Amino acid sequence: MANYRRILVPIDGSILADLAYQKAKRYAKQTNAHLIVLSVVDTSGIAMHDYGGGFEIDPLMNTAKEFLEDYAEDAAKDNINCKTILEVGSAKNAILETAKDQNADLIMMGASGTNSFTRLFIGSTTDFIVQNSKVDVFVVKTHMDNTTRPTH
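First, a word on what this report is: a plain description of the structure on this page. Since the structure is predicted, the reported quantities are computational estimates derived from the model, not experimental observations. (Residues numbered from 1 in each chain as written. Predicted model: local features only at pLDDT ≥ 70, side-chain atom pairs only at ≥ 80, totals over all residues. Heavy atoms only, no water.)

Examining the environment of Ala20
Inspection of the secondary structure assignment puts Ala20 in helix α1 (residues 15-31). Classification of Ala20 as buried rests on a relative accessible area of 0%. The sequence separation of Ala20 and Ala111 amounts to 91 residues, and the corresponding C-alpha distance is 9.0 Å. Among residues more than four places away in sequence, those in contact with Ala20 are Val9, Met108, Met109, Gly110 and Val140. (Helix = DSSP H or I, 4+ residues; strand = E, 2+ residues; numbered from the N terminus. Buried < 20%, exposed > 50% of the residue type's maximum accessible area, 1.4 Å probe, protein only. Contact = heavy atoms within 4.5 Å.)

Quick look at the structure:
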C-alpha cells in the first residue's frame, strides 16, 4: 500500500461510512497519517422551493456537527491528527473540492450511504468519486475483519 499522508473520510451516519473512518483511523495510527473527516449536508436533492416552504436545514447541520465532534474526540483518544469539515451543498462536489483544498492523497469512503431510491435518482456518490477523483479512492464494503459485510 502506498504511503498515504492525508486521508479524507466523508461520513454520513451510515455504517459503511463509520467503517471507512475506523479503517482510516487504524491506518493513520500505524503510519502517523492525518485524517480529514468531512460531513456534507447534501442539499442537491432538495428543491429550491423547499427552502421557502418550511424546509429546516438547522437540524441537519446540528446532527452533522455532532457527528464531527464525536469523530474528532475519537481520533484524539488515539492521538491521531484529525481535522473536521462541515459543508453544505452537493456531497459529490464537496468531497472532490475538499480533497483538492486539503491536499488529500487518499479518499476512504463507504461503498454506499444512501438508500436505493435516492441512488436511482441522484446517483451513487461513491461511484461518482471513484470516476472523478484525482487521488486514490479506497471503497469500504466490509467490517474491520475485512470479510463480514454489514447487513444494513
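Observations regarding the packing of helix α4 (residues 91-101) against helix α6 (residues 125-132)
The interhelical angle for the contact between α4 and α6, taken along N-to-C directions, is 40°, at an axis separation of 9 Å. Of the two elements, α4 crosses α6, and the hand of that crossing is right-handed. The residues of α6 that touch α4, namely those facing Ala91, Lys92, Ile95 and Leu96, are Thr125, Phe128, Ile129 and Asn132. Considered class by class, the residues forming the contact of α4 with α6 number 5 nonpolar, 2 polar and 1 charged. (Axes fitted to C-alpha atoms, helices over the stretch in contact; angles between N-to-C directions. Left-handed = near helix turned anticlockwise from the far one by under 90°. Nonpolar A, V, L, I, M, F, W, Y, C, P; charged D, E, K, R; others polar.)

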